[in-house]
Amino acid sequence: MTSPTQRSFGLCLLASVAGLWGCAGTPNPAAAPSEATVAAHVQAATKAAGTDLGEVLTLCKAAPATRAGQEDMDRGLLALINKPAPPPGQAFDKLYFVGGDWASAWAIDTSEGIILIDALNNPAEAAALIEGGLRKQGLDPARIRYIIVSHGHGDHYGGAPYLAQKYGARVVMSDVDWTMTETRLELATPIWGAPPKRDISVKDGDRITLGGTTVTLYLTPGHSWGTLSPVFDVAWQGQKHRVLLWGGTGFNFGKDIPRLEAYSDSAQRMAGIARSQGIDVMLSNHSRVDGSQAKLAKLRQDARAPANPFVVGLPTVERTLTVMNECALAQRDRFALMP
């Protein structure tokens, strides 16, 4: 059974989706799940993906109804973690990639310190890639003031206890996922170690401000029930851009129809927010999803290129969220058809 918090997104969506959803956040009656509805959602996602969002479209592949066993999970994690890490890089004037090949970490430099978004899998990665990456970019890791953990899975919190203890940084996570990490970890493996101790607990719409930079934290349940998707401003060549960092992408939670519906709700809601705020950059905490490694490589070739490859424009941000929404609904209907 889902809790009121988990299904409390009774949100008035913008007029562009008002034909599908009412102000109470309750969907209008839809066709019963069938192979035809699955195909229709996949078709809509494929159309939205076009030729440039193929990685996001992989969400439409059938997801397993059960989680992988511990041995398979650990083996798969180690394979992903052990892939050679890309070099760190600067995406915007004050935004830096300091992640691995699989999991990403992003650092926002401000006049009063660094806001880190996610902390990778373990202390060794945090030391090599976050501390080492910041130093390679001319930044002092001792200036890390906040570590925003997008959700309570160890590939994002694994290095947080190490960095918090070493530098006195504050760890930020949603109240929902703090509770999950304190009670029953959704995903547990010794590869990640223990989660951080509860520090700053946030709810939907809360903000972290440092050195004139404000990060707004939107609760986008789905990947976990307490996933946070940060929104913040960046600059490039004197132009301001608005970023949405989607906090949790994959459907790795098995046959959980309410969670897929929450994911769909979150994607639709953030599409409305993207329109209202003019969001033109969409990032992820896994670099294959947003193509950040290829984009950083382009910037390394021409660090002052007038066209920043990370600026994809509002229409592409909306298309990305449409793909996520439609793939979530396709997977929901697949599970609904199962006995």
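This text follows the structure it describes.
Report on the accompanying structure.

Calculation rules
- Residues numbered from 1 in each chain as written.
- Predicted model: local features only at pLDDT ≥ 70, side-chain atom pairs only at ≥ 80, totals over all residues.
- Heavy atoms only, no water.
- Pairing = 2+ DSSP bridges.
- Helix = DSSP H or I, 4+ residues; strand = E, 2+ residues; numbered from the N terminus.
- Axes fitted to C-alpha atoms, helices over the stretch in contact; angles between N-to-C directions.
- Contact = heavy atoms within 4.5 Å.
- Parallel < 35°, antiparallel > 145°, perpendicular 65-115°, else oblique.
- Left-handed = near helix turned anticlockwise from the far one by under 90°.
- Nonpolar A, V, L, I, M, F, W, Y, C, P; charged D, E, K, R; others polar.
- Disulfide = S-S within 2.5 Å.
- Buried < 20%, exposed > 50% of the residue type's maximum accessible area, 1.4 Å probe, protein only.

## Section: the sheet that holds strand 8 (residues 207–210)
Two orientations exist for strands paired in a sheet by backbone hydrogen bonds: parallel and antiparallel. Read from one edge of the open sheet, five strands run 8-9-10-11-12, paired in mixed fashion. A strand with exactly one partner marks an edge of an open sheet, and here the two such strands are strand 8 and strand 12 (281–284). Across the sheet, the axes of successive neighbouring strands diverge by a mean angle of 25°, strand direction being ignored. In this sheet, strand 9 (residues 213–219) lies alongside strand 8 in antiparallel orientation, the contact comprising four bridges. Considered in strand 9, the bridge of threonine 209 is made with threonine 214. The sheet contacts of helix 11 (residues 314–337) involve strand 11 (239–246) and strand 12, and relative to strand 12 the element is tilted by about 45°.

## Here's the deal with the packing of helix 8 (residues 257–277) against helix 11
Orientation of helix 8 relative to helix 11, taken along the N-to-C sense of each, is 165°, at an axis distance of 9 Å. Judged by the angle between their axes, helix 8 and helix 11 are roughly antiparallel. The handedness of the crossing between helix 8 and helix 11 comes out as left-handed. Two secondary-structure elements touch here, helix 8 through Ile257, Leu260, Glu261, Tyr263, Ser264, Ala267, Gln268, Met270, Ala271, Ala274 and Arg275 and helix 11 through Leu314, Val317, Glu318, Leu321, Met324, Asn325, Ala328, Leu329, Gln331, Arg332, Phe335 and Ala336. Classifying every residue of the contact of helix 8 with helix 11 by side-chain character gives 15 nonpolar, four polar and four charged.

## What about the sheet that holds strand 6 (residues 170–174)?
Reading across the sheet, the seven strands line up as 1-2-3-4-5-6-7 and stay open at both edges, with mixed pairing between neighbours. The open sheet has two edge strands with one neighbour each: strand 1 (89–92) and strand 7 (200–202). Taken over all neighbouring pairs, the strand axes of this sheet differ in orientation by 25° on average, direction set aside. The pairing of strand 1 with strand 2 (residues 95–97) spans three bridges and is classified as antiparallel. Considered in strand 2, the bridge of phenylalanine 92 is made with leucine 95. Against the sheet, helix 6 (residues 160–167) makes contact with strand 4 (113–117), strand 5 (144–148) and strand 6, and its axis sits at roughly 160° relative to strand 5, the strand it touches most. Seen against the sheet, helix 7 (residues 175–183) touches strand 6 and strand 7 and runs at an angle of roughly 100° to strand 6.

## Description of unusual backbone geometry
We note that aspartate 118 has phi near 75°; this positive angle belongs to a residue other than glycine. By the secondary structure assignment, aspartate 118 is in the loop between strand 4 and helix 4 (123–136). Positive phi outside glycine occurs at glutamine 237, with the angle close to 55°. For glutamine 237, the position within the fold is in the loop between strand 10 (228–236) and strand 11.

## What to know about the state of the cysteines
According to the stated counting rule, one finds one disulfide in the structure shown. For cysteine 60, the disulfide goes to cysteine 327, at an S-S distance of 2.0 Å. The S-S bond linking cysteine 60 to cysteine 327 shows a torsion near -100°; that makes this disulfide left-handed. Taken as a pair, cysteine 60 in the loop between helix 2 (54–57) and helix 3 (70–81) and cysteine 327 in helix 11 lie far apart in primary sequence, 267 residues in all. As far as the burial class goes, cysteine 60 and cysteine 327 line up, both buried.

The values reported here are purely geometric and, on their own, carry no functional implication.
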